[in-house]
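The chain contents come next:
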Amino acid sequence: MTPETPRLARRRRVFEKLEARVVRLYLAKPDQDVVPIVQALRYALSFARLTTVRRADGQDVEVDGPLQLHAWAIRDLLSGPLESASSLWAVARLMPEVVQRTRQARASLLEHLPIDRDSLEAEVTTRLLAVACGGGGGAGYVYPGCFEMLEKHGLAPSLMVGTSIGGLMSMFRARRARYDFAPLVAAARALSWGEVFRVFQTESRYGLPATLRLQLRHVLGPMFRTEDGRPLWLSDLGIPLYVIASGITVDALKHDLDYYENLLEDDVQRLGVRAGVRTGFKAMGVLREFLSSREALKEVVLGRTPGTEDFDVLDATGFSAAIPGIIHYDVLRDDPRMKRILDQLYAEHGITRLGEGGMVSNVPARVAWESVVQGRFGRRNTFVLALDCFAPNPRKLGWYPMMQAVRSANVEDDLEFADFYLDFTRTLSPMNLVPPLRDSLTAMRWGRERIAPHMPFIVEMMRPIEVLRDA
């Protein structure tokens, strides 16, 4: 969490939640006669949460202080009535005061601060879509179905943030500004356990040792190259992508490195790779150890953390998916550029290994929210869609304790920053990391079906707000 996040959240989140309440009330009882009230309320709430406006010349103007008294007045005026209302007509009597206050505050800002009207209105009336995709192994194959539905409704993310499988699925969406489904299908058709995971002794330089070696580059390398043939970097992608990894300090390691490397070795030798992974639930104990030592883990946002902007895409998602004791990912190839980035990252942050991002942020809604609100993409008005394939599900008895542990460790805190949170009742098994194409397509269909009923809300929240006319 960045130092500014708590302050900005206190200042903005109340108005973001109230605006969502307005939209839900409208969708529950759509009425053309109430549309002017909807537009005026949304404008007033969006204006009240302003903290910074970026001018046309690229300069930022702080408006938090000058607007604070107005913001709290709007909050006090609308919070109770909106929360208890069964329809928007219940707040109609408040609209003259809301509108008058908003017009006066806007006129004052434009008179006393160096802000052009167009920049102010753009910040108030338009939103950037940020999609946060959580970890959960093979359960994450539902995500592309959600991407497809967003594309179908004309919604392109301005930012994607992914953890583990969420990062892997997001990198396919982020390759181009427009969604291209074909590369993901081609990858699902080409992947097999024997090509993606291998069991062999190798050195460990940057990743935590484990029995299974993740070989992403072996199969996906050709798909993630630039036109001149070099590997894609995060900065090359058509949509900005941040990938969450856990920086593991020496204090977080409860065992020597041989323990993690050999944790599943007997299972794999006795039963083969697939069966070995399926019997690897004892590795969940290792994850619990790390979750109980969160103070010894450091959140690394690959693509945002200074020095990682040009991180190799496959390396970023590989490290994020490296589950302690189960999956090892590393940069052992001859790549001086990546080794220089990693060496600097390790030195500056005091970490000894990178690993599974879910140990620090399994559904990275906060990273998505704060990245936009702090101005990394110009405008600061955002809608965060959080997708969680590993939400606690009592019907998945074998996984339920681990799902609950992850939820309480970091997901609940992150979801305070989600404007819409979507869990999934139907997913592939988290251990089905390399499913056959047929299973992958089925999971994608489940994703489409799960998000479809909620698209009216998402579309309406992303719809530009009408500018409040001058008196």
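Residues numbered from 1 in each chain as written. Predicted model: local features only at pLDDT ≥ 70, side-chain atom pairs only at ≥ 80, totals over all residues. Heavy atoms only, no water.

### Quick word on the nonpolar core
So, step 1. Y143, L220, L385, L387 and I458 are the most contacted members of the largest nonpolar core, which has 126 residues in total.
So, step 2. One finds I37, L77, L82 and V124 within the second-largest nonpolar core, a separate group that totals 39 residues. (Core = buried A, V, L, I, M, F, W, Y, C linked by side-chain atoms within 4.5 Å. Buried < 20%, exposed > 50% of the residue type's maximum accessible area, 1.4 Å probe, protein only.)

### A closer look at empty space enclosed by the protein
So, step 1. Summed over the entire model, instances satisfying the criterion amount to two cavities of 30 Å³ or more.
So, step 2. In terms of lining residues, the largest cavity is bounded by 39 residues, among which G137, S164, I165, I323 and L433 are the most central.
So, step 3. Elements with a contribution of two residues or more to the lining of the largest cavity: α7 (165–174), α8 (182–190), α10 (216–220), α13 (283–291), β9 (325–328), α17 (400–414) and α18 (437–451).
So, step 4. In terms of residue count, the dominant contributor to the lining of the largest cavity is α7 (four residues).
So, step 5. Of the residues belonging to the lining of the largest cavity, the class tally is 31 nonpolar, seven polar and one charged.
So, step 6. Within this model, the second largest cavity holds a volume of roughly 40 Å³.
So, step 7. P306, G307, T308, I341, Q344, L345 and E348 together form the lining of the second largest cavity.
So, step 8. Broken down by class, the residue content of the lining of the second largest cavity amounts to three nonpolar, three polar and one charged. (1 Å grid on protein atoms, 1.4 Å probe; cavity = no way out; pocket = protein on both sides within 12 Å on 5 of 7 lines; lining within 4 Å. Points joined across faces, edges and corners; volume = space filled by probe spheres on them. Helix = DSSP H or I, 4+ residues; strand = E, 2+ residues; numbered from the N terminus. Nonpolar A, V, L, I, M, F, W, Y, C, P; charged D, E, K, R; others polar.)

### So, helix α19 (residues 455–462)
So, step 1. Extensive coverage of α19 is indicated by the burial of seven of its eight residues.
So, step 2. Among all positions in α19, only M455, F457, I458, V459, E460, M461 and M462 are buried.

### Quick word on the pairing of strand β6 (residues 210–214)
So, step 1. Burial of β6 is extensive: five of the five residues sit out of reach of the surface.
So, step 2. One ladder, built from three bridges, connects β6 with β9; its direction is parallel. By the bridge assignment for β9, L212 is matched with I327. (Pairing = 2+ DSSP bridges.)

### Re the pattern of salt bridges
So, step 1. Across all of its chains, the model carries 37 salt bridges by this definition.
So, step 2. R106 is paired through a salt bridge with D470; the nearest N and O atoms lie 2.8 Å apart. Taken as a pair, R106 in helix α4 (residues 95–112) and D470 in the segment after α19 lie far apart in primary sequence, 364 residues in all.
So, step 3. R106 sits in the buried class, given a relative accessible area of 2%.
So, step 4. Because the salt bridges share partners, they merge into one network encompassing E19, R42, R49, R127, E460 and R463. (Salt bridge = Lys/Arg side-chain N within 4 Å of Asp/Glu carboxyl O.)

### Considerations on the layout of surface pockets
So, step 1. Computed from the structure, the largest pocket encloses a volume of approximately 400 Å³.
So, step 2. Around the largest pocket sit 18 residues that line it, and M1, K298, E299, V360 and R366 are the ones nearest its centre.
So, step 3. For the lining of the largest pocket, the elements supplying multiple residues, two or more each, are β8 (297–302) and α17.
So, step 4. Residues belonging to the lining of the largest pocket are distributed by class as follows: seven nonpolar, three polar and eight charged.
So, step 5. A volume near 260 Å³ is recorded for the second largest pocket.
So, step 6. Taken together, 13 residues make up the lining of the second largest pocket; nearest its centre are L214, Q215, Y329, D330 and L332.
So, step 7. Elements that contribute at least two residues to the lining of the second largest pocket include exactly β6 and α10.
So, step 8. For the lining of the second largest pocket, the element with the most residues is α10, which contributes three residues.
So, step 9. Per-class residue counts for the lining of the second largest pocket are five nonpolar, four polar and four charged.

### Looking at the environment of L129
So, step 1. Its place among the elements puts L129 in strand β3 (residues 128–133).
So, step 2. The exposure class assigned to L129 is buried, which follows from its relative accessible area of 1%.
So, step 3. Considering only alpha carbons, one finds L129 and M444, 315 residues apart in sequence, at a separation of 21 Å.
So, step 4. Once you skip the residues sitting within four places of it in the chain, L129 turns out to touch L150, L155, A156, P157, S158, L159, F383, L385 and M462. (Contact = heavy atoms within 4.5 Å.)

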